[in-house]
Amino acid sequence: MLPPTWFPDELAGDKVLLRRHTPENLAAFRRWYADPEIARLARYQEGPMRPDEIERFFAARILGRGSLALAIHERSTDRLIGSCALSQLDADNGSALYHITIGEKDAWGHGYGTEATQLMVDHAIGTLGLHRVALAVFEYNERAIRAYRRVGFRVEGRAREAIWRDGRYWDEIHMALLDSDWRRARETGEHGARPGAGGAGPSPEGAPVVAGTGLDA
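Caption draft 1: Just the packing of helix α4 (residues 112-127) against helix α6 (residues 179-188), in detail. Closest axis-to-axis distance for the α4/α6 pair is 10 Å, and the angle between their directions is 115°. Crossing of α4 against α6: the hand is left-handed. On α6, the residues that touch Gln118, Val121, Asp122, Ile125 and Gly126 of α4 are Asp179, Trp182 and Arg186. Taken together, the residues of the contact of α4 with α6 sort by class into three nonpolar, two polar and three charged.

Here is the structure:
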């Protein structure tokens, strides 16, 4: 269980606000993960999650304290558009896995996922003092990969032909960002790093909050 002090009251960007999920957000999760297009980006398994799977996942991984899960709200309207999380937080080794879903498809392509990712990385490294944030994303989610590169993630390797989709096998791409990468980006102004912001893989269960899910830059 993560200490409560690891959870920010709010992380604010120009386009999005990140804050703790509430039980009422389950309705949005039910809708998002019933969508085959989101399931294609999010899951090893083909097809959407069953309602009971979504409810168990939401209770354990979104409302629980085993991962640092935050709701993504559109700042101008306060509309809930997605979810992002740090899981497998390892204080001894200073590492975590990052996951994101932009569930409202009309919010794709507006930079919300990129900004949410930057805010979470700033919190993980700038506030929590983590050394490494890693993620996994399916090869065909090209826009997500481009967005992660903009934030500063680098490709470290790939699991070859790990996922069967659209009649063929695809690789799973493994990316990570180190604290040294983050500091260098802030010093040079690369990857959208924002001075002052730091102050503020697919899961083993096949759960849908997968790095890269629905992330359009």
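Resuming the write-up.
Caption draft 2: Structural detail: helix α5 (residues 142-151). Among the residues of α5, Ala144, Ile145, Ala147, Tyr148 and Val151 are the ones counted as buried. Buried residues of α5, viewed axially, fall in a sector of 160°; they line one side. Those residues of α5 that are buried are in contact with β5 (95-102), α4, β6 (132-138) and β8 (168-178).

Caption draft 3: Fine view of the nonpolar core. Counting residues in hydrophobic clusters, the biggest one holds 60 residues, and the most contacted among them are Leu18 and Leu68. With seven residues, the single largest contributor to this core is α4. Setting aside residues no more than four positions away along its own chain, leucine 18 makes contact with Glu10, Leu11, Leu70, Ala71, Ile72, Cys84, Ala116, Leu119 and Met120.

Caption draft 4: Quick peek at the sheet that holds strand β2 (residues 16-20). In space, the eight strands of this open sheet follow the order β1-β2-β3-β4-β5-β6-β8-β7, with mixed pairing throughout. The open sheet is flanked by β1 (11-12) and β7 (154-165), the only strands paired with a single partner. As defined by bridge partners, β7 adjoins β8 across eight bridges and the pair is classed as antiparallel. Looking at β8, one finds that glycine 157 is bridged to histidine 174.

Caption draft 5: Region of interest: unusual backbone geometry. At glutamine 88, a residue that is not glycine, the phi angle is positive and equals roughly 50°. Unlike most non-glycine residues, aspartate 166 shows phi in positive territory, near 55°. Tracing the chain through its elements places aspartate 166 in the loop between β7 and β8. Look at aspartate 166 and you get exposed, because its relative accessible area is 53%.

Caption draft 6: Expanded view of the environment of glutamate 10. You can see glutamate 10 is positioned in the segment before β1. Sequence spacing of glutamate 10 and leucine 70 is 60 residues, and the spatial spacing of their C-alpha atoms is 8.9 Å.

Caption draft 7: Fine view of the environment of aspartate 92. Position of aspartate 92 relative to the elements: it lies in the loop between β4 (80-90) and β5. Its relative accessible area of 76% is what places aspartate 92 among the exposed residues. With 38 residues separating them along the chain, aspartate 92 and leucine 130 place their C-alpha atoms 9.6 Å apart.

Caption draft 8: How the structure looks around the pattern of salt bridges. Under the criterion given, the structure shown has 17 salt bridges. Linking glutamate 55 and arginine 30 is a salt bridge whose minimum nitrogen-to-oxygen distance equals 3.0 Å. Here the residue glutamate 55 occupies a position in helix α3 (residues 51-62), and arginine 30 occupies one in helix α1 (residues 26-32), the gap between them amounting to 25 residues. Taking relative accessible area as the criterion, arginine 30 reaches 38% and is therefore assigned partly exposed. Ionic pairing is found between arginine 50 and glutamate 53, a salt bridge with its closest N-O pair at 3.6 Å.

Caption draft 9: Layout of the packing of aromatic side chains. On inspection of all chains with the given rule, the structure shows nine aromatic pairs. Between phenylalanine 29 and tryptophan 32, the ring centres sit 5.1 Å apart and the planes meet at 40°, which makes this aromatic pair tilted. Here tryptophan 32 and phenylalanine 29 lie together in helix α1, a separation of three residues that amounts to about one turn. Taking 5.5 Å as the distance between ring centres and 65° as the angle between the ring planes, the aromatic pair formed by phenylalanine 29 and tyrosine 33 counts as edge-to-face. Accessibility classification places phenylalanine 29 together with tyrosine 33 in one group, the buried group. Feature note: the residues Phe29, Trp32, Tyr33 and Phe58 constitute an aromatic cluster, connected by ring pairs. Of note, arginine 20 hangs over the ring of phenylalanine 7, and the distance from its end group to the ring centre comes to 4.1 Å.

The rules behind these values
- Here the residue index of a chain counts from 1 through its sequence in written order.
- It should be noted that, the model being predicted, local features are given only for residues of pLDDT at least 70 and side-chain atom pairs only at 80 or more, the latter also being counted only at that level, while totals for whole chains, interfaces and linings use all residues.
- Side-chain measures here rest on the full set of heavy atoms in the structure, leaving out hydrogens and waters.
- Axes, fitted as lines to C-alpha atoms, cover a helix only where it is in contact. Angles between the N-to-C directions of the axes lie from 0 to 180 degrees.
- A run of H or I in DSSP becomes a helix once it reaches four residues, and a run of E becomes a strand once it reaches two; helices and strands are each numbered from the N terminus.
- Left-handed describes a crossing whose near helix is turned anticlockwise from the far helix by less than a right angle; the clockwise case is right-handed.
- Residue contacts are counted whenever heavy atoms from the two residues lie within 4.5 Å of one another.
- The classification used treats Ala, Val, Leu, Ile, Met, Phe, Trp, Tyr, Cys and Pro as nonpolar, Asp, Glu, Lys and Arg as charged, and all other residues, Gly among them, as polar.
- Only protein chains enter the calculation, and the probe is 1.4 Å; a residue is then buried if its accessible area is under 20% of its type maximum, exposed if over 50%, and partly exposed in between.
- Note: the arc covers the axis-to-C-beta directions of the helix.
- Definition used in this section: a nonpolar core is a set of buried Ala, Val, Leu, Ile, Met, Phe, Trp, Tyr and Cys residues joined via side-chain atoms within 4.5 Å.
- Strands are treated as partners if at least two bridges between them are detected by DSSP.
- Any Lys or Arg side-chain nitrogen located within 4 Å of an Asp or Glu carboxyl oxygen qualifies as a salt bridge.
- Ring pairs are drawn from Phe, Tyr and Trp, using the six-membered ring of Trp, whenever the two centres fall within 6.5 Å, and their geometry is named by plane angle: stacked under 30 degrees, edge-to-face over 60, tilted for the rest.
- Distance and angle both matter: a charge sits over a ring if NZ of Lys or CZ of Arg is within 6 Å of the ring centre and within 35 degrees of the ring normal.

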